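The residues making up each chain are set out below.
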Amino acid sequence: MHPKNLHLAPYDFQALKNSHNPLGEFVILNKYNTESIDFSNPKAVIELNKALLKHHYSVDSWTLPEGYLCPPIPGRADYIHHISDLIASKKNKAPIKGLDVGTGANCIYPILGTQIYGWKMVGSDIDSVAVASALINSEQLKDSIEIRKQEMDKLFDD
């Protein structure tokens with residue numbers, strides 16, 4: 001993991017439960033007698049993501065329609081940090097505006113880009129349900145995130 005990633009250490013489930021009480025229902029003791037969740041349970045993973053986003057990134061509300069991708073937050077944050085490294089290597093001091101093509105219902109890259117580095121982000125998708133969900137998930141960050149419904153036969157007009 002990237003050295004700037006907040007998720008280098010094991011999850012602090014007590015702090016996460018304090019930030020997002022519903023996570024507590026899914027926290028178990030594993031065979032090593034440490035707190036964890038059943039990562040094969042999609043509901044547990046969604047609640048973990050909600051807790052991580054609330055606790056580390058000040059995102060108060062995040063949800064997913066059933067059947068849509070629930071991304072692992074630590075890995076997605078890692079990706080954002082590596083992009084930042086690439087941008088920094090260019091010594092460009094201009095404000096950053098990122099584009100996430102296929103942002104999906106989770107809108108995770110725009111959320112993390114704005115919350116970790118203060119970037120302005122555009123998320124696009126062709127799926128109407130994904131766009132509607134991304135709009136809800138980015139509502140709190142609407143000054144920094146724009147969501148666009150992309151038509152299949154067009155590349156961005158503007």
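Below, the structure is looked at part by part.

About the cut-offs
Residues numbered from 1 in each chain as written. Predicted model: local features only at pLDDT ≥ 70, side-chain atom pairs only at ≥ 80, totals over all residues. Heavy atoms only, no water. Helix = DSSP H or I, 4+ residues; strand = E, 2+ residues; numbered from the N terminus. Buried < 20%, exposed > 50% of the residue type's maximum accessible area, 1.4 Å probe, protein only. Axes fitted to C-alpha atoms, helices over the stretch in contact; angles between N-to-C directions. Parallel < 35°, antiparallel > 145°, perpendicular 65-115°, else oblique. Contact = heavy atoms within 4.5 Å. Nonpolar A, V, L, I, M, F, W, Y, C, P; charged D, E, K, R; others polar. Pairing = 2+ DSSP bridges. Expected span 1.5 Å × (residues − 1). Polar contact = N/O pair within 3.5 Å; in protein donor to acceptor, adjacent residues only side chain to side chain. Core = buried A, V, L, I, M, F, W, Y, C linked by side-chain atoms within 4.5 Å. Right-handed = clockwise from strand over helix to strand, strands pointing away.

Brief notes about unusual backbone geometry
Here comes step 1: At Asn 33, a residue that is not glycine, the phi angle is positive and equals roughly 65°.
Here comes step 2: Within the secondary structure layout, Asn 33 lies in the loop between strand S1 (28–29) and strand S2 (35–36).
Here comes step 3: Taking the relative accessible area as the measure of exposure, Asn 33 reaches 58% and is therefore exposed.
Here comes step 4: Positive phi, normally seen in glycine, also occurs at Ser 58, with a value near 60°.
Here comes step 5: With respect to the element layout, Ser 58 can be found in the loop between helix H2 (42–57) and helix H3 (73–89).
Here comes step 6: For Ser 58, a relative accessible area of 46% gives the class partly exposed.

Remarks on the packing of H2 against H3
Here comes step 1: Taken N-terminus to C-terminus, the directions of H2 and H3 make an angle of 45°; their axes are 10 Å apart at the nearest point. In terms of axis orientation, H2 runs oblique to H3. Contact with H2, carried on its side by Asn 49, Leu 52, Leu 53 and Tyr 57, involves Ile 73, Pro 74 and Ala 77 of H3 and no other residues of that element.
Here comes step 2: Looking at the contact of H2 with H3 residue by residue, the class counts come to six nonpolar, one polar and no charged.

Topic: the sheet that holds strand S3 (residues 97–101)
Here comes step 1: A sheet is described by the order of its strands in space; here three strands give the open sequence S3-S4-S5, paired in parallel fashion. Edge positions in the sheet fall to S3 and strand S5 (145–149), since each has one partner strand and no second. Each strand of the sheet is rotated relative to its neighbour by a mean of 15°, with strand direction disregarded.
Here comes step 2: Bridge count for S3 against strand S4 (residues 120–125) is five bridges, and the pairing is parallel. Looking across to S4, one finds that Val 101 is bridged to Ser 124.
Here comes step 3: Its contacts with the sheet put helix H5 (residues 128–137) on S4 and S5, and the angle it makes with S5 is roughly 165°.

Concerning H2
Here comes step 1: With 16 residues, H2 should reach 22 Å at 1.5 Å per residue; the first-to-last C-alpha distance of 21 Å fits that figure.
Here comes step 2: Taken together, the buried positions of H2 are occupied by Ala 44, Val 45, Glu 47, Leu 48, Asn 49, Ala 51, Leu 52, Leu 53 and Tyr 57.
Here comes step 3: Lining the buried residues of H2 we find helix H1 (13–19), H3 and helix H4 (108–117).
Here comes step 4: Looking at where H2 begins, the residue whose side-chain oxygen comes 2.9 Å from the main-chain nitrogen of Lys 43 is Asn 41.
Here comes step 5: Just past H2, the residue Ser 58 takes up positive phi, approximately 60°.

Focus: the nonpolar core
Here comes step 1: Among the nonpolar cores identified, the biggest contains 32 residues, and Leu 23, Ile 37, Leu 53, Ile 111 and Leu 112 are the most heavily contacted of them.
Here comes step 2: Those elements that provide at least two residues to this core are H1, H2, H3, H4, H5 and S5.
Here comes step 3: Apart from the residues lying within four places of it in its own chain, the contact partners of Leu 53 are Ser 58, Val 59, Trp 62, Ile 73, Ile 108, Ile 111 and Leu 112.

Description of the pairing of S4
Here comes step 1: Most of S4 is tucked away: five of the six residues are buried.
Here comes step 2: Regarding the hand of the β-α-β motif, the stretch spanning S3, H4 and S4 is right-handed.
Here comes step 3: Bridge analysis of S4 against S5 gives five bridges, and the strand direction is parallel. Residue pairing in the sheet places Gly 123 in a bridge with Ile 147 of S5.
Here comes step 4: You can see the chain leave S4, run along H5 and come back into S5, and the turn it takes is right-handed.

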